[in-house]
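# Structural characterization, general
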Amino acid sequence: MICGSAGGMCMAPLAETVVRALLDGLAEGVLAVAPDGRIRLVNGAMAQLLGTPRARLLDRRPADLEDGDKWVPPVLRRCLETGERQAMVLERAGRRLALTAVPLPEGWVLATARDITELDRLERQVERMTQERERYRHELAGLRAGQAGRAEVVGSSLAMQRVMDLIRRVAPVDSTILLLGESGVGKGVLAAEIHRLSPRRSGPFVRIDCAALPGSLLESELFDYSPGSFTGARREGKPGLIEQAHGGTLFIDEIGDVPLELQVKLLHVIQERRIIRLGAVTPTAVDIRIIAATHRDLEAMVAEGRFRADLYYRLNVVPVKIPPLRERPEDIPVLARTFLDRFCARYRVERTLTPEAVERLVAYSWPGNVRELENLVERLVVTLDEREIRPEHLPLPAPGGPPVQVREIVPLKEAVAALELELVGEAYRRFGSSVKVGRALGIHQTTAARKIREWKARQERTGRG
Ligand SMILES: Nc1ncnc2c1ncn2[C@@H]1O[C@H](COP(=O)(O)OP(=O)(O)OP(=O)(O)O)[C@@H](O)[C@H]1O
């Protein structure tokens, strides 16, 4: 019930009935103090929030209210003192109350009170749930990224489906597999996938990159016991990679780079499944499955006498040709999104590719294949500040544009030197190693390494590094 008294509210009976119903229907507490400093209006919600019967509040001065009701006066007092709106949140008997006091014309003050205990609880709950959702999102992205790193082969094109069908058929048997394809097409991930799908999956998967090591070192890596300590008369040490692969898979990457002398020894291992350790007399049996890979044309090398025909036939039991990325553009969107998810999770950022950017990726020819795409996505995730990756962010040549553009006339020597460094830099960005840069540009690895250093130094000088 709304109570008015003389000198206080003056309303027509109908209006008073309406206002009374309105005020008592509010969930918010309302209290009005008249210009004489006495409480002249209290609605039901306010009496309930104060825990005091309305009759005990009416006509009292706020300052005279007994202790339990002292939480209302501060907000009213401040409002009366300053003549300005006041707001505060107070805790009372385990509840949180939001209080306001507003000065009205002719010396009246209106106070309101709202129980925000439940609202606060819900807010905290929403905040906790948002934090949890973020945590789960990161965990999920991390798990996905981890799985992708563990040889998840992505590809929906017909060409890749065929490759995967073949791999699923040959993985369970122990036949030797020869993976063929340009650099960066995914020979390494497919080799790991074959191992994962084979009964040897719980055994070791050992990889050796024959292009990365000179012949003598390659031989000792494969066959030797690495020099170790001597305990008593016995020589201790780590077995060579072939022995390390015992019970599992030996992945010989870039087999086309193995020198002729070493090819004989490898042939022996493949035929006999035994190795003679360097300096030893008796052979040691090894139980290994061999997967070899190369970007070279082994048949042509055989014809030129640079690769042994007998080794070639031994390796070429199940040849698997992996097409370059430009021949399966349907795989580009899904690969790009897989790499985007992986690197966003790794670097804890959020990035998206616009449909136009994806179109641009699909239109490019990717000479460095999947590795080039992976490197580009990582670079964009790390270097871009913007959330959206758009076509203008992609450092790719316009489709169909000339490979070299002349912008001004400079001495030929300078132009050639500048172009050379640009080329080395671009190849390094795509392939990521001096061995591969050397191979792509047809120069020796040491020359490639020197030129990469020069390119990096120039990047640093020009602040582009
Ligand atoms: N189908 C694919 N799905 C997911 N990732 C892939 C796929 N193909 C290639 N990659 C990724 O691209 C990169 C290059 O692949 P990989 O090293 O297997 O290529 P490669 O053909 O063995 O190259 P190289 O001959 O230069 O050694 C790797 O980081 C690999 O994870």
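To be clear, the structure that these remarks concern was listed above.
Below or above, wherever it landed, is the structure these notes cover. (Residues numbered from 1 in each chain as written. Predicted model: local features only at pLDDT ≥ 70, side-chain atom pairs only at ≥ 80, totals over all residues. Heavy atoms only, no water.)

## Notes on the packing of helix H6 (residues 158-170) against helix H7 (residues 187-197)
Keep this limit in mind: Whenever a helix is involved, its axis is fitted only over the stretch in contact; in every case the axis is a line through C-alpha atoms, and angles between N-to-C directions fall within 0 to 180 degrees. Per the convention used, a helix needs a DSSP run of H or I reaching at least four residues, while a strand needs a run of E reaching at least two, with both numbered from the N terminus. An angle below 35 degrees is read as roughly parallel, one above 145 as roughly antiparallel, one from 65 to 115 as roughly perpendicular, and any other as oblique. Crossings are classed by handedness, with left-handed meaning an anticlockwise turn of the near helix from the far one by less than a right angle and right-handed meaning a clockwise turn. Whether two residues are in contact is decided by their heavy atoms, any of which lying within 4.5 Å being enough. Under the scheme applied, nonpolar residues are Ala, Val, Leu, Ile, Met, Phe, Trp, Tyr, Cys and Pro; charged residues are Asp, Glu, Lys and Arg; polar residues are all the others, including Gly.
Here H6 crosses H7 at 40 degrees, and the two axes come no closer than 9 Å. Taken together, H6 and H7 sit at an angle that is classed as oblique. Considering only the axes of H6 and H7, their crossing is right-handed. Two secondary-structure elements touch here, H6 through Val 163, Met 164, Ile 167 and Arg 168 and H7 through Leu 190, Glu 193, Ile 194 and Leu 197. Among the residues making up the contact of H6 with H7, the classes are represented as 6 nonpolar, no polar and 2 charged.

## Regarding the packing of aromatic side chains
Threshold: In summary, the pairing rule links any two rings of Phe, Tyr or Trp, Trp by its six-membered ring, whose centres are within 6.5 Å, and it sorts them by plane angle into stacked for under 30 degrees, edge-to-face for over 60 and tilted for everything else. Here, a charge over a ring means that NZ of Lys or CZ of Arg falls within 6 Å of the ring centre while also lying within 35 degrees of the ring normal.
Under the counting rule described, the total for this entry stands at 5 aromatic pairs. Look at Phe 205 and Phe 251: their rings are 6.1 Å apart centre to centre, the planes differ by 20 degrees, and that puts the pair in the stacked class. Of this pair, Phe 205 sits in strand E7 (residues 205-209) while Phe 251 sits in strand E10 (residues 249-253), placing them 46 residues apart in sequence. A centroid spacing of 6.0 Å and a plane angle of 65 degrees characterise the contact between Tyr 428 and Trp 455, whose relative ring orientation is edge-to-face. Highlighted residues: Tyr 428 in helix H16 (residues 412-431) and Trp 455 in helix H18 (residues 445-461), separated in sequence by 27 residues. For the cation-ring pair, Lys 265 lies above Phe 223, with the distance from its terminal atom to the ring centre recorded as 5.5 Å.

## Considering the pattern of salt bridges
Selection criterion: What makes a salt bridge here is a side-chain nitrogen of Lys or Arg within 4 Å of a carboxyl oxygen of Asp or Glu, nothing more. Three exposure classes are used, based on accessible area relative to the maximum for each residue type with a 1.4 Å probe and protein chains only: buried under 20%, partly exposed in between, and exposed over 50%.
Under the counting rule described, the total for this entry stands at 29 salt bridges. Salt-bridge contacts for Arg 306 lead to Glu 304; the nearest nitrogen and oxygen are separated by 2.7 Å. A salt bridge links Arg 342 to Glu 374, with the shortest nitrogen-to-oxygen separation between them at 3.2 Å. Note that Arg 342 is positioned in helix H13 (residues 331-347) and Glu 374 in helix H15 (residues 369-383), a separation of 32 residues in sequence. On the basis of relative accessibility, which here comes to 11%, the residue Arg 342 falls in the buried class. Owing to a relative accessible area of 23%, Glu 374 belongs among the partly exposed residues under this scheme. Residues joined in a network through salt bridges with shared partners are Glu 386, Glu 388, Arg 390 and Glu 392.

## Observations regarding the sheet that holds strand E4 (residues 95-103)
Short version of the rule: Strand pairing follows a simple DSSP-based rule, namely that at least 2 bridges must link the two strands.
Taken together, 5 strands build an open sheet; the order of strands is E2-E1-E5-E4-E3 and the sheet is antiparallel. Only two strands of the sheet have a single partner each, and these edge strands are strand E2 (39-42) and strand E3 (86-92). For this sheet the average axis-to-axis angle between neighbouring strands, irrespective of direction, equals 20 degrees. Running over the sheet, helix H4 (residues 73-82) touches strand E1 (29-33), E3, E4 and strand E5 (109-115) and is turned about 165 degrees from E3.

## Comments concerning H7
Where H7 is concerned, the buried positions are Lys 187, Leu 190, Ala 191, Ala 192, Glu 193, Ile 194 and His 195. Lining the buried residues of H7 we find H6, strand E6 (177-180), E7, E10 and strand E13 (289-294).

## Re the site of the ligand
Selection criterion: Here a residue counts as near a molecule or strand whenever at least one of its heavy atoms sits within 4 Å of it. In the analysis that follows, any N or O atom pair within 3.5 Å is treated as a polar contact, provided that within protein one partner can donate a hydrogen and the other can accept it, and provided that, for residues neighboring in sequence, both atoms belong to side chains. Here the Shrake-Rupley method, with its probe set to 1.4 Å, supplies the accessible areas, and only the displayed protein chains count as covering residues.
Close to the ligand lie 19 residues; Val 154, Ser 183, Lys 187, Gly 188 and Glu 374 are nearest. In this structure, a nitrogen atom belonging to the ligand sits 2.8 Å away from a main-chain N or O atom of Val 154. Taking Val 185, its main chain carries an N or O atom lying 3.2 Å from an oxygen atom of the ligand. Here the ligand has 630 Å² of accessible area as a free molecule, and 89% of this is covered by the chains. Sorting the residues of the shell around the ligand by element identifies H7, H13 and H15 as the ones contributing at least two each. In the shell around the ligand, the residues fall into 7 nonpolar, 4 polar and 8 charged.

## Here we look at the packing of H15 against H16
Remark: H15 packs on H16, axes separated minimally by 7 Å, with the N-to-C direction vectors making an angle of 95 degrees. Taken together, the axis directions place H15 and H16 in an arrangement best described as roughly perpendicular. Contacts from Arg 371, Glu 372, Asn 375 and Arg 379 in H15 reach Arg 429, Arg 430 and Phe 431 in H16.

## What about the environment of Leu 218?
Looking at the secondary structure, you find Leu 218 in helix H8 (residues 215-223). Residue Leu 218 is classed as buried on the basis of its relative accessible area, which comes to 0%. Sequence separation of Leu 218 and Ile 208 is 10 residues, and the distance between their C-alpha atoms is 8.6 Å. Once residues lying within four places of it in the same chain are set aside, the contact partners of Leu 218 are Ile 208, Cys 210, Leu 213, Val 258, Pro 259 and Leu 262.

## Some thoughts on the sheet that holds E6
Overall, parallel pairing links the 5 strands, which are arranged E7-E10-E13-E6-E14 in an open sheet. Only two strands of the sheet have a single neighbouring strand rather than two, namely E7 and strand E14 (318-321). Averaged over all pairs of adjacent strands, the angle between strand axes in this sheet comes to 20 degrees, irrespective of strand direction. Pairing of E10 with E13, which is carried by 4 bridges, proceeds in the parallel orientation. Bridge pairing in E13 links Ile 252 to Ala 292.

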